[in-house]
Amino acid sequence: MSAPILSTRGLSRAFHGLQAVSNVDFDLPPNEVRALIGPNGAGKTTFVSMLIGRIPPTGGRIAFDGADVTDLPAHARVARGMAYTFQITSVFSRLSVHENVALAARRRLGGDAAAVDGAVTQALARVGLGDRADDAAEDLSYGHQRLLEIAMGLAQKPRLMILDEPTQGLAESEIAAFKVLIRELAAETTILLIEHNMAVVMELADRITVLNFGEVLAEGTPAEIHANADVQAAYLGTGGADA
Amino acid sequence: MSRALILHLGLLAVLLAGNVLLPAYHHGNMARIMVLAVYAMGYNIAFGYTGLLSLGHAMFFAAGMYGMGLAIRLADAGALPAMLTGLAAGAGLSLVVGLLALRTAGVSFMIVTLMFSQACYLAILYFGEWTRGDEGFVIQAVDRTLFGIDLSDPGNRYIAAWLLFSAVLLLTLRLVRRPAGRVFVAIRENEERARLLGYDTFRAKLSALVISGTISAAGGAAYGLLFGYAGASFAGVQYSIFPLLWVLLGGAGTVVGPLLGTLFMFYLIDLSSGFTEAYMLIAGLVLIGLTLFAPQGIAGELRRRLWKGLP
Amino acid sequence: MDFGPYLMLAMLEGAVMAAVLALTASGLSLVFGVMRVVNVAHGEFYMLGAVVAWFVAQHVGGGPAIGFVAALILAPLLVGGLAALADMTILKRIDYDPERTIVATIGLLYVIQQVALMTYGPNAQPVEPPFNQRIALPWLEWGDGGLAIYFPWGLSTTSYKLFVIIAAVAVILAVWLLMSRSKAGLIMRATQLDGEMATAFGIPVERVYAAVFGIGAGLAALAGVLIVPIQQAHYLMGGDALLLSFIVVIIGGLGSLPGTIVAAVLIGMSDGIISVFFSPTLAKIIATLLVALVLVFRPQGLFGARAR
């Protein structure tokens, strides 16, 4: 196994004395598609928020690409090659679709307008929004706004892409297209996926990490996780029917 | 040349033609409006483009005016070094205020800027020995020559105001189409998203505020130099409200908005002060009307109805 | 006068100031607490209270006492009604957006102030206090014969000033009881916690907001009525009142009523004391800078607990 692109040691976060994430050791090798699952309130969003730097940890360290980034602000981590898409859609709603993606590309490409335009066109084409470039982001449907978020992630050419519940609110056909897109991306980058939709997880993930009560409950291939008794008890519930 | 550039150059040409076409009274007004519009354009960088609603920009305007005025009055400086002193004062003050005030946001930011500005106003009164407090001081015509040109002459004054206005207008136009200006807009629209695209939003906001404060100071310094007077009232709360009013009226986040708003409001107050001393009543009614009916302002409505690409 | 009696005099003046300030600021704090908006026109409601008191005193016969009592009732009602009307016609329509509310209330500030200028005029006008006995105050001194009580010349207050302090305390107690013990207070607190939830439970949030805005303005107007026999009414008197109320509300922690009261006493007393010994301008510079720095470094106020 090559050196992990992202790793945490003893990562913890408490809110008002309540331990949302405790002592998580986590390693993500490059070019893997990793899914992070767990019941509601298991601390998934808190965990990735600490990874990207939206909230500071109360304990532990985070390393990205071999360097300790625990004390870096969010924008500096993004500049080093992390990208994050929000669970609740967060785009520049009054700006055009093109400008949304251009803002994502421009940080990397600077004032080179032609290169930015190229990156924007390419990213929009990949998510299938090529014909909506001039519309205001707020005029897109909810599903299309989620795709726009992913396009913004693509335009950053990140080495680690953190997707927080990307398929939430997508139609079945859109989910199918999303799966194709992630498989393509897996060749270029590392993906950390928080996902509720088990079908998506089982199909896309190389490996799965299960969080429960803020701790790592299990980690393994989809088949291993599917067979894991602890996971079934904690997460898949009594019947496991919705898995 | 882009359509936007042609439009704005056309506007500048019309304003320049005003120097020979306008009757004396309106000629004088227009020179004043162009200088005040420089202040409004400075305010627009912070408020209109970056979403930083400051209620204390009078301190930057006054920093320019007093930096310039005191350099002449106390250090007997020439007009050019005095202007530069004014600009430096505005830049320095906005840097310090920004470093502190930008730790807050929204309503707190409004109140913090209001308070800092009030402290500056009171400081001008307190150091009355040098500033002559409320009464202010006159800048003698003899001190108002730049490169041998007498700025107290109405024609020269108009051209000087026009040059400064044009420079700031073109600078704004360039800034908002550059990546840095786009980041300002991104911060206005969704700061958290901009941060998570890898932009250092604190630094961007600080640069926006310093650019804004320095342009406002240029307006203040030019106002003092061209019209020969510096007074504490220019540092008062009212002069912090004015640019907000002008920019809201003209259209926040548009390049021409500040001029339109300043022009419109100037004449509205000019006309109403003809029949009542309570002319600020008009300003109050316009502010309420704007928030209720036209939060986009004149240029904002033009952009919405006629041309989406208006910068 | 010796330093001791002098200080006591300053503190008495400060207490009157603090009482009026506490009333004005608690109105601002109430509005911010429940509605989460900053009312920049608050000082103008204070000014209106004073101006209405003058009008009432001019037009109600039967001596200063009757006129004053009439003003005490009429001014808060009129001003509160006006504020509720402004809430329903302006603030409601911009959906209480925090920043647009500030812009709109700046507009309201100028409208009220300038209408006062047009009707009431630019001059300061006095209102006669309903009663105004001079009360000499005693002072203790170590003399030749041990501790002695004497009445230093100049150390005195008036019955009216004592009345202002008592009235302010009574009104603030009443507001506190209203907020913490009554059903109306419960409704307001529910609205404060979660407007949408309150709507879902059938609380008429819009009417609550109008009422709160009206009560907030009414408190400022009441303070205006109380101060006018001491200070005279002037159309620009709202500016300082607003600034000081801001200072008090921020130092006390935005929206916290007890914090506001403590801060009002602190600021009122210190303003009285500082301005006796220092230049008032310097005192104001220090106070405004202090407020700005409190907001920057301790946004929860000097007395508030840290939120997280």
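Criteria and thresholds
Residues numbered from 1 in each chain as written. Chains lettered and ligands numbered in written order. Predicted model: local features only at pLDDT ≥ 70, side-chain atom pairs only at ≥ 80, totals over all residues. Heavy atoms only, no water. UniProt positions renumbered as here; feature names shortened; annotations may be inferred. Helix = DSSP H or I, 4+ residues; strand = E, 2+ residues; numbered from the N terminus. Rg over C-alpha atoms; globule rule 2.2 N^0.38 Å. Buried < 20%, exposed > 50% of the residue type's maximum accessible area, 1.4 Å probe, protein only. Areas by Shrake-Rupley, 256 points an atom, 1.4 Å probe, with all protein chains shown as cover. Lys, Arg positive; Asp, Glu negative; His and termini not counted. Charge placed at Lys NZ, Arg CZ, Asp CG, Glu CD. Salt bridge = Lys/Arg side-chain N within 4 Å of Asp/Glu carboxyl O. Contact = heavy atoms within 4.5 Å. Pairing = 2+ DSSP bridges. Axes fitted to C-alpha atoms, helices over the stretch in contact; angles between N-to-C directions. 1 Å grid on protein atoms, 1.4 Å probe; cavity = no way out; pocket = protein on both sides within 12 Å on 5 of 7 lines; lining within 4 Å. Points joined across faces, edges and corners; volume = space filled by probe spheres on them. Nonpolar A, V, L, I, M, F, W, Y, C, P; charged D, E, K, R; others polar. Domains from an automatic or database assignment. Buried area = accessible area lost by both parts, 1.4 Å probe. Polar contact = N/O pair within 3.5 Å; in protein donor to acceptor, adjacent residues only side chain to side chain. Parallel < 35°, antiparallel > 145°, perpendicular 65-115°, else oblique. Left-handed = near helix turned anticlockwise from the far one by under 90°. Phe/Tyr/Trp six-rings, centres within 6.5 Å; stacked < 30°, edge-to-face > 60°. Lys NZ or Arg CZ within 6 Å of the ring centre and 35° of its normal.

By the naming in an unreviewed UniProt entry, chain C goes by Branched-chain amino acid ABC transporter permease and is assigned to Pseudooceanicola pacificus. You can read under Subcellular location (unreviewed entry) in the UniProt record for chain C the words "Cell membrane".

Under an unreviewed UniProt entry, the name given to chain A is ATP-binding cassette domain-containing protein, and the source organism is Pseudooceanicola pacificus.

A. Molecular detail of the overall build of chain A. Regarding its fold elements, chain A presents nine helices and 10 strands. Computed over C-alpha atoms, the radius of gyration of chain A comes to 18 Å, within 12% of the 18 Å expected from 2.2 N^0.38 for 243 residues, which places it in the range of a compact globule. Taken along its principal axes, the extent of the C-alpha atoms in chain A is 50 × 40 × 40 Å. Looking at chain A residue by residue over its 243 residues, the buried ones come to 53%. Of the roughly 9900 Å² of accessible surface on chain A, 51% is carried by carbon and sulfur atoms. For chain A, the centre of its 20 positive side-chain charges and the centre of its 29 negative side-chain charges are spaced 5 Å apart.

B. Looking closely at the side chain of R146 of chain A. All names here are of chain A. Looking at the element boundaries, R146 is found in helix α5 (residues 142-155). Among buried charged residues, R146 stands out as having no salt bridge; its nearest opposite-charge side chain is E149, 5.2 Å away. Beyond its immediate stretch of four places on either side in the chain, R146 contacts F86, Q87, T89, D164, E165, P166, Q168 and L170.

C. Seen up close, the sheet that holds strand β2 (residues 18-28) of chain A. All names here are of chain A. Pairing in this open sheet of four strands is antiparallel, and the strands run β2-β1-β4-β5 from one edge to the other. Of all strands in the sheet, those bounded by a partner on one side alone are β2 and β5 (67-68). Of the pairings in the sheet, the one linking strand β1 (residues 6-15) to β2 comprises seven bridges and is antiparallel in character. Within the sheet, the bridge partner assigned to L11 lies in β2 and is V24. Along the sheet, helix α1 (residues 44-52) makes contact with β1, β2 and β4 (59-64), crossing β1 at roughly 120°.

D. Structural context of empty space enclosed by the protein. What the rule picks out here adds up to three cavities of 30 Å³ or more. As for the largest cavity, its lining consists of D240, L243, L244, I247, D271, K284, A287 and T288 of chain C. Of all the elements in the fold, those that place two or more residues in the lining of the largest cavity are α9 (238-251) and α11 (280-297) of chain C. Here the residues of the lining of the largest cavity are counted per class, giving four nonpolar, one polar and three charged. Each pocket or cavity is described by its volume, and for the second largest cavity that value is around 40 Å³. Every residue along the wall of the second largest cavity is listed here: I111 of chain B together with L28, F32, V37, V38, N39, F246, V249 and L254 of chain C. Secondary-structure elements contributing two or more residues to the lining of the second largest cavity are α1 (3-35) and α9 of chain C.

E. Seen up close, the pattern of salt bridges. Residues and elements named next belong to chain A. Throughout the structure, instances matching the rule amount to 23 salt bridges over all chains. Measuring nitrogen to oxygen at the nearest pair gives 3.3 Å for the salt bridge that ties D71 to R61. Linking D71 in the loop between β5 and α2 (74-79) with R61 in strand β4, this pair joins segments that are 10 residues apart in sequence. Ionic contacts of the salt-bridge type, sharing partners, join the residues E32, R34 and E219 into one network.

F. Quick peek at the domain arrangement of chain A. Residues and elements named next belong to chain A. Per the domain assignment, the segments of chain A are domain 1 (31-58 + 68-81 + 158-243) and domain 2 (92-157). Computed from C-alpha atoms alone, the centre-to-centre distance between domain 1 and domain 2 is 24 Å. On the domain 2 side, the residues contacting the 18 residues of domain 1 number 12 residues. Buried surface at the junction of domain 1 and domain 2, both sides included, amounts to about 1200 Å², of which 60% is carbon and sulfur. Three residues stand out in domain 1 for area buried against domain 2, namely P158, E174 and L181, and they jointly supply 34% of the buried area on that side. Of the charged contacts, one joins E188 and R126 as a salt bridge, the two residues approaching to 2.9 Å between their closest N and O atoms. Looking at the side of domain 1 that touches domain 2, the elements that each hand over two or more residues are α2, β7 (160-164) and α6 (172-185). Along the lines of polarity and charge, the residues of the side of domain 1 that touches domain 2 split into 10 nonpolar, two polar and six charged.

G. Highlighting the interface of chain B and chain C. Tallying the contact residues gives 39 residues for chain B and 37 residues for chain C. Of the roughly 3400 Å² buried where chain B meets chain C, counting both sides, 83% is carbon and sulfur surface. On inspection of chain B and its partner chain C, the count reaches zero salt bridges. Here chain B and chain C share one residue pair in polar contact (both at pLDDT 80 or more) between them. At the level of secondary structure, the elements contributing two or more residues to the side of chain B that touches chain C comprise α4 (79-101), α5 (106-126), α10 (237-250) and α12 (280-293) of chain B. Sort the elements by how many residues they give to the side of chain B that touches chain C and α5 of chain B lands first, with 15 residues. When grouped by side-chain class, the residues that make up the side of chain B that touches chain C number 29 nonpolar, eight polar and two charged.

H. A look at the packing of helix α2 (residues 42-59) of chain C against helix α8 (residues 205-231) of chain C. Residue and element names in this part refer to chain C. In the contact formed by α2 and α8, the axes pass within 6 Å of each other and the chain directions differ by 50°. By the angle between their directions, the pair α2 and α8 is classed as oblique. Here α2 and α8 pass one another in a crossing that is right-handed. Residues H42, F45, Y46, G49, A50 and A53 of α2 lie in contact with α8, whose contacting residues are F213, G216, A217, A220, A221, A223, G224, V225, I227, V228 and Q231. Of the residues belonging to the contact of α2 with α8, the class tally is 12 nonpolar, five polar and no charged.

I. Representation of α1 of chain A. Residue and element names in this part refer to chain A. Of all nine residues that make up α1, eight are buried, and the element is covered over most of its length. For α1, every residue scored as buried is listed here: K44, T46, F47, V48, S49, M50, L51 and I52. Phi turns positive one or two residues past the end of α1, at G53, with a value near 100°.

J. Representation of the sheet that holds strand β10 (residues 215-220) of chain A. All names here are of chain A. Spatially, the six strands line up as an open sheet ordered β6-β7-β8-β3-β9-β10, and their pairing is mixed. Unpaired on one side and paired on the other, β6 (82-85) and β10 mark the two borders of the sheet. Across the sheet, the axes of successive neighbouring strands diverge by a mean angle of 15°, strand direction being ignored. With four bridges connecting them, strand β3 (residues 33-37) and strand β9 (residues 207-212) associate as parallel partners.

K. Structural detail: the packing of aromatic side chains. Residues and elements named next belong to chain B. Within this structure, the stated rule accounts for 28 aromatic pairs over all chains. Of the aromatic side chains, those joined through ring pairs into one cluster are Y39, F61, Y223, F227, Y229, F234, Y239, F242 and W246. It is R32 that lies over the ring of F227; its NZ or CZ is 4.2 Å from the centre. Of note, R73 hangs over the ring of F137, and the distance from its end group to the ring centre comes to 5.1 Å.

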